[in-house]
Amino acid sequence: MHLPDIEHTCTELGQRLAAYLEQNNIEQPLLVGIRTGGVWIAERLQQQLQTEDGVSSLDISFYRDDFTRHGLHPQVKGSELPDSIEDRHIILIDDVVMSGRTIRAAMNELFDYGRPASISLVCLLDIGRRELPIQPDLCGVRLELEEGQLVKLSGPVPLELSLS
Amino acid sequence: MTTDPSQLQLTADGRLKHFLTTEGLSRELLTEILDTADSFISTQERDVKKVPLLRGKTVVNLFFENSTRTRSTFELAAKRLSADILNLDIAKSATAKGETLMDTLWNLEAMYSDMFVVRHADSGAAHFIAEHVTPNVAIINAGDGRHAHPTQAMLDMLTIRRHQGAIEGKIVAIVGDILHSRVARSQIHALRTLGAAEIRVIGPGTLLPRDIEALGCKAYYRMEDGLKDCDVIIMLRLQKERMQNALLPSESEFFKLYGLTEEKLTYAKPDAIVMHPGPINRGVEIESNVADGPQSVILNQVSYGIAVRMAVMAMAMSGQQQERNELAEQHNEPGQEEA
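Parameters at a glance
Starting from 1, residues in each chain are numbered consecutively following that chain's sequence as written. In the order they appear in the text, chains get letters beginning with A and ligands get numbers beginning with 1. Per-residue local features of the predicted model are confined to residues with pLDDT of at least 70, and side-chain atom pairs are confined, for both listing and counting, to 80 or more; whole-chain, interface and lining totals are unaffected and use all residues. Neither water nor hydrogens contribute to the side-chain values; these are computed over all heavy atoms in the structure. Should DSSP find at least two bridges between two strands, the strands are regarded as paired. Secondary structure elements are taken from DSSP: a helix is a run of H or I of four residues or more, a strand is a run of E of two residues or more, and numbering for both begins at the N terminus. Interaxial angle, 0 to 180 degrees, is taken between N-to-C directions of lines fitted to C-alpha atoms, where a helix line uses only the stretch in contact. Here, nonpolar core refers to any group of buried Ala, Val, Leu, Ile, Met, Phe, Trp, Tyr and Cys residues whose side-chain atoms link them within 4.5 Å. With a 1.4 Å probe rolled over the protein chains alone, any residue whose accessible area is under 20% of its type maximum counts as buried; one over 50% counts as exposed, and the rest are partly exposed. Start and end positions for the domains come from either an automated domain assignment or a database one. Contact criterion: two residues are considered in contact whenever any of their non-hydrogen atoms come within 4.5 Å of each other. In this analysis, rings of Phe, Tyr and Trp, with Trp reduced to its six-membered ring, are considered paired at centre separations within 6.5 Å, and the interplanar angle assigns stacked below 30 degrees, edge-to-face beyond 60, and tilted for intermediate values. Definitions used for this entry: grid spacing 1 Å over protein atoms alone; cavity, a set of points where a 1.4 Å probe fits but cannot get out; pocket, an open set with protein on both sides within 12 Å along at least 5 of 7 lines; lining residue, one with an atom within 4 Å of a point. Grid points are joined across faces, edges and corners, and a volume is the space filled by probe spheres set on the points. When residues are sorted by character, Ala, Val, Leu, Ile, Met, Phe, Trp, Tyr, Cys and Pro go into the nonpolar class, Asp, Glu, Lys and Arg into the charged class, and all the rest, Gly among them, into the polar class. By convention, a crossover is right-handed whenever its connection, traced from the first strand over the helix to the second and viewed with the strands pointing away, goes clockwise. When two components associate, each loses some accessible surface as probed by a 1.4 Å sphere; the sum of these losses over both components is called the buried area.

Another point: the sheet that holds strand β8 (residues 232-235) of chain B. Residues and elements named next belong to chain B. On the basis of which strands lie adjacent, the open sheet formed by five strands has the order β7-β6-β5-β8-β9 and parallel pairing. Of all the strands in the sheet, just β7 (218-220) and β9 (273-275) have a single pairing partner and so form its edges. On average, each strand axis in the sheet is inclined to that of its neighbour by 20°, with strand direction left out of account. Here strand β6 (residues 198-202) pairs with β7 via three bridges, running parallel. Its bridge partner lying in β7, Val201 is registered against Ala219.

What follows is the structure in structure tokens.
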């Protein structure tokens, strides 16, 4: 399996995000990365786009739907969001989208902070296997993995992809 | 007690499943409690203070001894984790009609409870319940006799970490009635494990346990000596209700010698913080000017209490859940769960 070049994919994703924001008349987007990999990608995109608010981060540990199966994640870091997300246009960013459950949890958490004007989903990789009706608005690369195979992002410097 | 409490409260792979005492818990685990509590502080600052973590779980507050603050902060903690909570004031209920403790517990279990928060006047009560309750009910000790009050100790550790940056390397003085204090005992174990540079106890000889130095503390009988260079001062409440003999000449004598005044506060470091587990006796252990002064973090302690209790409840329930799943897996055919 050939893995994409991250630098190139991020740069291209940043250009497409800039175009997306313009097309949708979003002037002050709030970039929100999902811990941990999503925050790294969000920071990379922020450098490129120079958005005003910097990067916010979301820790979805308290919102996961698998507490009854796997319990609490041992390393909860907490979320860091601005005082108000009311009426903001949120760009929710994750490294890999698979089942869609992480994104559902992230949206549930965001709504406990306030009522955003909109949420758009951006991801570096989409590896399919969706279990919920959630699709990214922008995605760097779509990967077809073999059964049981997973892809993992390590970082923050350098950002690297590996298969397991 | 038959089982080692530090073993009884952990799963086979070392996760928390009951919270009975700070004694014997590793530095990593105590730090994990503090880190998780830190994350819950940020959720408390939102308009929506609830998280859905323990949705559908039932928590029972079993208070065999009166308490307002501890019971209400446990209640708020459970509610902010989206659990359902039942408050039982046992002193006034069935036990008064002659029902035994075990009968009360079996009845509560039959109502499918997932967690008991226990406060009892006898040392070892929470431990006893954890040993005899059916598997997969988590027990949280909310204070047992003179033995332990682990959630209070952990909220104190969180207070020190948030206001003094760290626990490691700090000089901490615990002042007053150490003899009757389960809070002091739990604090001393936690402070030692988390690397405090020095733990001092200050009080009249009649209120210091004889074996206190064996716990790694240094005993002082004068405030001027004991408070010198301290980063943290923890005042304890005089537990008049637990004193069976005349251990003190009078309250005013105690205040004169050990009451924290602005003048005595100057013996400590200028940025020392003043803590008290509450309820405070103004003019007995502490002067109002100090309790309400700039170095006091007494009300912060109350806020952190909710976050710490949320953390411990979430972690213990998580440990119970893991054991429950492992048990279910042993009974199931492999692969049956994921269809």
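Right, let's talk about the nonpolar core for a bit. The tendency in soluble globular proteins is for nonpolar side chains to be buried side by side. Of all hydrophobic cores here, the largest spans 92 residues; its most connected members are B:Phe40, B:Ile174 and B:Met313. Of the residues that make up this core, three or more belong to each of domain 1 (5-149 + 302-332) and domain 2 (150-297) of chain B. In contact with B:Met313, other than residues within four places in its own chain, are B:Leu54, B:Val59, B:Phe74, B:Ala77, B:Ala78, B:Leu81, B:Met115 and B:Val117. With 26 residues, the next largest nonpolar core counts A:Ile6, A:Leu21, A:Leu145 and A:Leu153 among its residues.

With that settled, the discussion passes to the packing of aromatic side chains. Counted according to the given criterion, the structure contains two aromatic pairs over all chains. Plain terms: the ring middles of A:Phe62 and B:Phe40 are 3.9 Å apart, the flat faces sit at 10° to each other, and that makes the pair stacked. One end of the pair, A:Phe62, is in the loop between β2 (55-58) and α3 (67-70); the other, B:Phe40, is in helix α2 (residues 27-44), on a second chain. The residues A:Phe62 and B:Phe40 share a single accessibility class, namely buried. Relative to B:Tyr258, the ring of B:Phe254 lies with its centre 5.6 Å away and its plane at 40°, an arrangement referred to as tilted. Taken as a pair, B:Phe254 and B:Tyr258 lie in helix α9 (residues 251-258) at a separation of four residues, close to a single helical turn.

Turning our attention to unusual backbone geometry. Of the consecutive residues A:Gly155 and A:Pro156, the connecting peptide bond is found in the cis state with omega at 5°. Mapped onto the fold, A:Pro156 is located in the loop between β6 (151-154) and β7 (160-163). B:Pro279 follows B:Gly278 through a cis peptide bond whose omega is -10°. By the element assignment, B:Pro279 lies in the loop between β9 and α11 (288-291). The residue A:Asp87 is not glycine, and still its phi comes out positive at about 60°. Examined against the element boundaries, A:Asp87 turns out to sit in the loop between α3 and β3 (89-97). Overall, A:Asp87 belongs to the exposed group, its relative accessible area being 53%.

With that settled, consider the side chain of B:His180. Among the structural elements, B:His180 can be located in the loop between β5 (171-175) and α7 (182-193). By relative accessible area, which is 2% here, B:His180 ends up buried.

Moving on: empty space enclosed by the protein. Residue and element names in this part refer to chain B. Applying the stated criterion across every chain, the model contains three cavities of 30 Å³ or more. Here the largest cavity defines a volume of roughly 100 Å³. Along the walls of the largest cavity sit 13 residues, with Arg69, Gln152, Pro277, Gln301 and Val302 positioned nearest its centre. Counting only elements with at least two residues in the lining of the largest cavity, the list comes to α3 (69-80), α6 (150-164) and α12 (298-331). At five residues, α12 tops the list of elements feeding residues into the lining of the largest cavity. When the residues that make up the lining of the largest cavity are grouped by side-chain class, the tally is four nonpolar, seven polar and two charged. Composition of the lining of the largest cavity by domain shows at least three residues from each of domain 1 (5-149 + 302-332) and domain 2 (150-297).

Quick look at the pairing of strand β3 (residues 115-120) of chain B now. On a regular strand, one side chain projects to one face of the sheet and the next to the other, so that they alternate. Residues and elements named next belong to chain B. Judged by how many residues are buried, β3 sits mostly within the fold: six of six residues are covered. Side chains Met115, Val117 and Arg119 project from β3 onto one buried face, and the interleaved Phe116, Val118 and His120 project onto a second face that is buried too. Pairing analysis gives five bridges linking strand β1 (residues 58-63) to β3, with the strands arranged parallel. Residue pairing in the sheet places Val59 in a bridge with Met115 of β3. As paired elements, β3 and strand β4 (residues 138-144) share five bridges and run parallel to each other. In the sheet register, Met115 faces β4, and the bridge partner there is Ala138. In this fold, β3 hands off to helix α5 (residues 125-132), which returns the chain to β4; that crossover is right-handed.

Here the focus is the domain arrangement of chain B. Residue and element names in this part refer to chain B. Taken domain by domain, chain B consists of domain 1 (5-149 + 302-332) and domain 2 (150-297). Taking only C-alpha atoms into account, the centre of domain 1 sits 27 Å from that of domain 2. Each partner contributes to the interface: domain 1 provides 34 residues, whereas domain 2 provides 30 residues. Summed over both sides, the interface between domain 1 and domain 2 buries roughly 2800 Å², with carbon and sulfur atoms accounting for 57% of that surface. Looking at the side of domain 1 facing domain 2, the largest losses of area belong to Arg146, His149 and Tyr304, adding up to 28% of the total buried there.

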